[in-house]
Amino acid sequence: MKTNRLKNQQAIAGQAPGTLTYVGAAKSSKVDITVIDYDGVEVFEEKVISDVRNCYDYKEKESVTWLNIDGIHDVRIVKTLGMYFNLHPLLMEDIVNTHQRPKVEFYEDNIFVVMKMLTYKKAIKKVEVEQVSLILGKNYVLSFQEDIEGDAFENIRERLRKKPNGKVRNSDSAYLFYLLMDAIIDNYMVVVEGVSEELEQLEDKIIHESAGDPTKALHKFKRQLTFVRKNTRPVREIINNIIREEDDAGKFLKSVHLYIRDLYDHTIQVIDNTDSLVDMNSNLLDTYLSMLSNKTNDVMKVLTIFSTIFMPLTFIVGVYGMNFDEMPEVHTKYGYYIIWIVMISTASILFYYFRRKRWL
């Protein structure tokens, strides 16, 4: 992974600004281009476009057009769409760079947002990431997705298909832009809840001492949560920048400024929940180490007590194990039995004493 990342960075090092070079995992699959065009109740069209040149037909339409591109490894398609929709070369460069940090940029003809779409794979206990680039224009929204299979937008598509009188079909492109951002942010909550459930299950196992050694699992969860926090915290900055730039971006976002402010609340909730899980993960590790330490202390206490009980017995045996002839007890008829009585009595008295002190 690190080697591939280094090669990707070396590939773009020294190139002129605006040069389109795909930075990401090598892919040979076909790029899917879908379009949804709508305008209230009467106008609705959804289809797959096989030739990127057909996208030009939607540029000048008065209806709202959503162009979704699954797969950005074919820079030719990105370049052609950039030419049709008058996208800035730096904007297109950021689209094909999958290591781009989440951000927002304001241009004369559009607003550009880069976000990370997260998915929690429960089977392998791993958070996977996909870069999504959103572009808002006067009457269109372009979405560029890194992967081809699956996204968080299917619910929006269903609302567009099945609710002709719904708010989505009867709103402008800014509302669709907001919904796409909202779907990505809401999906963060799904990811955080998935990790939270796993941590709670691990917590129960730790408390009931059935988790074995959970340090590796806790370390893995810590890495996943750090990864989530890394990709969600910049979203707060994105929303803040959009709110601050409302005057300049007003021609695009005036109709949804209250919704954008609501996105900020959702983002803060995601960040707070993630931070809480990071703290929970650390506390679980501390709890496990504390329980392990207490367990060790209990074992050492028992061993110490039994060692203390056997100390006087060892002393007695050592004394009468010396090879001296002039030892009165050695020649006593019942000396052997007397010594056993003394040792058993000593051990019993010490054992009773430790029980009274609740050390055993």
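Residues numbered from 1 in each chain as written. Predicted model: local features only at pLDDT ≥ 70, side-chain atom pairs only at ≥ 80, totals over all residues. Heavy atoms only, no water.

## A word on the side chain of Thr274
On the secondary structure map, Thr274 appears in helix H8 (residues 257-319). Since its relative accessible area comes to 0%, Thr274 is described here as buried. In contact with Thr274, not counting residues within four places along its chain, are Val192, Leu225, Val228 and Arg229. (Helix = DSSP H or I, 4+ residues; strand = E, 2+ residues; numbered from the N terminus. Buried < 20%, exposed > 50% of the residue type's maximum accessible area, 1.4 Å probe, protein only. Contact = heavy atoms within 4.5 Å.)

## Considerations on the sheet that holds strand S4 (residues 103-106)
Across a sheet, paired strands are connected by hydrogen bonds in the backbone, their directions being either parallel or antiparallel. Taken in spatial order, the 7 strands of this open sheet run S2-S1-S3-S7-S6-S5-S4, and their pairing is mixed. Either end of the sheet is taken by a strand with one partner, and the two such strands are strand S2 (43-49) and S4. Neighbour to neighbour, the strand axes of the sheet diverge by 15° on average, direction disregarded. The pairing of strand S5 (residues 111-121) with strand S6 (residues 126-136) spans 11 bridges and is antiparallel. When the sheet's bridge partners are listed, Leu118 is paired in S6 with Val129. Against the sheet, helix H4 (residues 154-162) makes contact with strand S1 (32-39), S2, strand S3 (64-70) and strand S7 (140-145), and its axis sits at roughly 145° relative to S3, the strand it touches most. Across the face of the sheet, helix H6 (residues 215-244) comes into contact with S4, S5 and S6 while running at roughly 155° to S5. (Pairing = 2+ DSSP bridges. Axes fitted to C-alpha atoms, helices over the stretch in contact; angles between N-to-C directions.)

## Quick word on the pattern of salt bridges
Taken as a whole and assessed by the stated rule, the structure comprises 17 salt bridges. With a closest N to O distance of 3.7 Å, Glu198 and Lys125 form a salt bridge. Placement of Glu198 in helix H5 (residues 173-207) and of Lys125 in the loop between S5 and S6 is noted, with a sequence separation of 73 residues between them. Among the salt bridges present, the one from Asp151 reaches Arg157, with a minimum N-O distance of 2.8 Å. Accessibility expressed as a relative area gives 25% for Asp151, which makes it partly exposed. (Salt bridge = Lys/Arg side-chain N within 4 Å of Asp/Glu carboxyl O.)

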